[in-house]
Amino acid sequence: MVGALAISDLRTRYGRGRLRSIKWLLDPYAAAGVYLILIAFVLHREGVAPGLSIACAIVPFQLVMATTINALTSVQLRGSIIANMAFQRALIPLASTVTESIAFAASLTLLALMMAVYGVAPTIAVAWLPLVLLVTFAFALAVAFPAALVGLWYPELNTFIVSGVRTAFFLAAGLVALGQTHGGAHTLLSLNPLTAIFESYRDVLLYGQSPAAWELLYPVAFALLLLGVFTRLYKREESQFAKVIE
Amino acid sequence: MSGFVGAQGLGVLFRFDRQRRVVTPAMARLRRAGPTVWGLRGVDFAVGPGEGVALVGPSGSGKTSLLRLIAGVLLPDEGRIEVSGRVGSLLAVQAGLMPRLTGRENAMLLGVLAGMSPPQTRASLEAIKDRSGLGDAFERAVSSYSMGMRARLGFAVADCHGADVLLLDEVHEALDHEFRETVAERAQAIRGRGGIVVAAGHDHPVLEGMCERAIHLENGAVAEDGPFERVLEGYLRSVG
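Note that the coordinates shown come from a computational prediction; the quantities given were computed from them, not determined experimentally. (Residues numbered from 1 in each chain as written. Chains lettered and ligands numbered in written order. Predicted model: local features only at pLDDT ≥ 70, side-chain atom pairs only at ≥ 80, totals over all residues.)

J.: Is there a simple way to think about the overall build of chain B in this case?
T.: Counting its secondary structure elements, chain B contains 8 helices and 10 strands. Taking 240 residues into account, the globule formula puts the C-alpha radius of gyration at 18 Å, and chain B, at 18 Å, falls close to it. With the principal axes as the frame, chain B shows a C-alpha extent of 50 × 45 × 35 Å. Of all 240 residues assigned to chain B, the portion counted as buried reaches 48%. If you take every contact in chain B between residues at least 6 apart in sequence, the share linking residues at least 24 apart comes to 71%. (Helix = DSSP H or I, 4+ residues; strand = E, 2+ residues; numbered from the N terminus. Rg over C-alpha atoms; globule rule 2.2 N^0.38 Å. Buried ≥ 20, exposed ≤ 12 C-beta atoms within 10 Å, placed from the backbone. Contact = placed C-beta atoms within 7 Å.)

Right, here's the structure in full:
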């Protein structure tokens, strides 16, 4: 059922044919290019393989951002189905996450490209990548439930929510690695679960080391907290969707 | 195959905010609460195997809410409803269709959501195409369909999954005369196998072709329940 919802979502949002994979790549590649220019040429904060370091943040953030945008309109998009038949509405945020994970998988090529550009050879630490990807997926899924509800409750705030998520990127160690920050900024950025996710990608792909435990556990704990609160709320609200969507 | 629908003290509550927008209970807590209105309240009835029941009444009387409760689209805020048998529903002209998908893709999605496995659904697609009478349009995006074509596809999908309880809400009124006959025939066939048809609308001759019993709803309550002709007469008298 999730597969059917995700396939229909992919066709609705991204169209058909080979060109759609180009659409998936445009955003992360363009964002990586812009931020690389900003960091390397405008701010002159080169660091270690800055393009790869930025890609390690942009690629996972792409999944979180795209899932949020998708989930914000996910209930309304399926309004005609919701008003017509009974099915497990809890699958809607899950389908949003699966849909965007397919686009996310395409954007992983950016990481491989940047590793090749900077001559960073993969190490045994790459074996951690599936777990790191799984943590990213869990985090995106946890964000999808509140996004679906907020998109239904306050559709007029969708643009603001997207801006808020984008702000969360800048309040994390996205453009510069956590190791390049100091003092209060370092502490503050560490509190953002996105920082943990970004750093886990850097550990595995850039530094060639195992991710620190907090880099995996902190976002998972954050995701479990969000899921614990919002899946219950979503469950209570889903029987009322048909009253609200019209 | 047999269906049953029973309701006891059924109620649906609509909450509004100060701007008269319908809100969910959680939204009502977040926004400044407005009035509450019972869309249905104290509704009791039972529909047994082989019955066809028409819901008549003015707009806003609760017909759509009642059909949505039977379909499981809404849960009652009060009372209880029991439905046995597979439900096939066509509760809006949009018929659960997503405009950017083709007829075939919509049929596939709705089949799986209705509880069929993907292989089962795939196997039924040609039958749905034939029953809908859409021909080549089945492969085109639903956004290019007329309301009648959407209703045809929606009905073919709802009917093709072996519905024991068929629910129709005014949708048949968007259909052309040829397909209305098809709908009436299919409704009779479902009832003949012990299934149930519950249809709402304002085209009373069409309803009479499918149902021998009617429930007149007025302000969210059952005003009269009985033989179609008698109930319709009472309803028409009440609206002058």
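Now that the structure has been shown, we can carry on.
J.: Would you take a moment to explain the interface of chain B and chain A for this structure?
T.: Quite often, the size of an interface is put as the accessible area lost when its parts meet. Listed by partner, the interface residues are 30 residues for chain B and 21 residues for chain A. Counting residues per element, the ones that place at least two in the side of chain B that touches chain A are strand S2 (22-23), helix H1 (25-30), helix H2 (63-71) and helix H3 (103-113) of chain B. In terms of residue count, H3(B) provides more of the side of chain B that touches chain A than any other element does, 5 residues in total.

J.: Just checking my understanding: could you explain the confidence of the model for chain B for this structure?
T.: Detailed reading of the predicted coordinates is not advisable wherever pLDDT is low. The pLDDT averaged across chain B works out to 89; a share of 99% of its residues lies at or above 70. Both scores are given for the predicted complex: the pTM is 0.87, the ipTM 0.86. (pLDDT = per-residue confidence, 0-100.)

J.: What is the right way to read the sheet that holds strand S6 (residues 87-90) of chain B from this model?
T.: Either a parallel or an antiparallel arrangement is found when strands of a sheet pair, and the pairing is made through backbone hydrogen bonds. Residue and element names in this part refer to chain B. Here 6 strands make up an open sheet; going across it, the order is S6-S7-S8-S4-S9-S10 and the pairing mixed. Of all strands in the sheet, those bounded by a partner on one side alone are S6 and strand S10 (221-227). Here the strands of the sheet are splayed against their neighbours by 15° on average, with no regard to which way each runs. Contacting strand S4 (52-56), S6, strand S7 (165-169), strand S8 (196-200) and strand S9 (213-218), H2 runs over the sheet at an angle of about 155° to S7. Across the sheet, helix H6 (residues 177-192) touches S4, S7 and S8, and the angle it forms with S8 is around 140°. (Pairing = 2+ DSSP bridges. Axes fitted to C-alpha atoms, helices over the stretch in contact; angles between N-to-C directions.)

J.: For this particular structure, what's the right way to read the nonpolar core?
T.: With 150 residues, the main nonpolar core has A:Ala55, A:Cys56, A:Ala148, B:Ile70, B:Leu167 and B:Val198 as its most contacted residues. Ranked by the residues each element gives to this core, the list is headed by helix H3 (residues 50-72) of chain A, at 14 residues. Not counting residues within four places of it along the chain, the set of residues in contact with A:Ala148 comprises A:Ala71, A:Ser74, A:Val75, A:Ile92, A:Pro93 and A:Tyr234. (Core = buried A, V, L, I, M, F, W, Y, C linked by C-beta atoms within 7 Å.)

J.: When you look at the pairing of S6(B) in this model, what are you seeing that I'm missing?
T.: For a regular strand, the rule is simple: side chains alternate between the two faces of the sheet. All names here are of chain B. Burial of the side chains of S6 extends over both faces: Val87 and Ser89 are buried on one face and Gly88 and Leu90 on the other. One ladder, built from 4 bridges, connects S6 with S7; its direction is parallel. Along S7, the bridge assignment pairs Leu90 with Leu168.

J.: Would you mind showing me how to read H3(A) here?
T.: All names here are of chain A. With 23 residues, H3 extends 32 Å between its outermost C-alpha atoms, agreeing within 8% with the 33 Å of an ideal straight helix rising 1.5 Å per residue. Along H3, the sharpest change in direction is near 25° and occurs at Phe61. Where burial is concerned, most of H3 is hidden: 21 out of the 23 residues are buried. (Expected span 1.5 Å × (residues − 1). Bend = angle between axes of the 7 residues up to and from the residue.)

J.: Explain the packing of H3(A) against helix H6 (residues 91-117) of chain A here, please?
T.: The relative placement of two packed helices comes down to the angle between their axes together with the axis-to-axis distance. Residue and element names in this part refer to chain A. Their axes nearest at 8 Å, the elements H3 and H6 cross at an angle of 165°. The orientation of H3 with respect to H6, classified from their angle, is roughly antiparallel. Relative to H6, the crossing made by H3 is right-handed. A class-by-class count of the residues in the contact of H3 with H6 yields 16 nonpolar, 9 polar and 1 charged. (Parallel < 35°, antiparallel > 145°, perpendicular 65-115°, else oblique. Left-handed = near helix turned anticlockwise from the far one by under 90°. Nonpolar A, V, L, I, M, F, W, Y, C, P; charged D, E, K, R; others polar.)

J.: I would appreciate a short explanation of the packing of helix H4 (residues 118-132) of chain B against helix H5 (residues 147-160) of chain B in the present structure.
T.: Residue and element names in this part refer to chain B. Here H4 crosses H5 at 135°, and the two axes come no closer than 9 Å. It follows from the interaxial angle that H4 and H5 lie oblique. As H4 packs across H5, the resulting crossing turns out to be right-handed. Residues Ser124, Ala127, Ile128, Arg131 and Ser132 of H4 lie in contact with H5, whose contacting residues are Arg152, Leu153, Ala156, Val157, Asp159 and Cys160. Residues of the contact of H4 with H5, tallied by class, amount to 6 nonpolar, 2 polar and 3 charged.

J.: Honestly, the environment of B:Glu224 in this entry has me stumped. Any pointers?
T.: All names here are of chain B. With respect to the element layout, Glu224 can be found in strand S10. Glu224 sits 10 residues away from Gly234 along the chain, and the two C-alpha atoms are 8.0 Å apart. Apart from the residues lying within four places of it in its own chain, the contact partners of Glu224 are His216, Val231 and Gly234.

J.: I keep staring at H5(B) and nothing clicks. Help me out?
T.: Along an α-helix, residues three or four apart share an orientation, since each turn contains 3.6 residues. Residue and element names in this part refer to chain B. The end-to-end C-alpha distance of H5, which contains 14 residues, comes to 20 Å, matching closely the 20 Å that a straight helix rising 1.5 Å per residue would cover. With respect to burial, H5 is a largely interior element, 12 of its 14 residues being buried. Turning to H5, its buried residues number three or more, namely Met149, Arg150, Ala151, Arg152, Leu153, Gly154, Phe155, Ala156, Val157, Ala158, Asp159 and Cys160. For H5, the secondary structure elements touched by its buried residues are S6, H3, H4, S7 and H6. Positive backbone phi, approximately 65°, marks Gly162, located one or two places after H5.

J.: Help me understand the environment of A:Ala142 in this model?
T.: Residue and element names in this part refer to chain A. Relative to the helices and strands, Ala142 resides in helix H7 (residues 129-153). Note on Ala142: 27 C-beta atoms within 10 Å, which makes it buried. Sequence spacing of Ala142 and Leu224 is 82 residues, and the spatial spacing of their C-alpha atoms is 7.2 Å. Here Ala142 is in contact with Ala223, Leu226 and Leu227, once residues within four sequence places are set aside.

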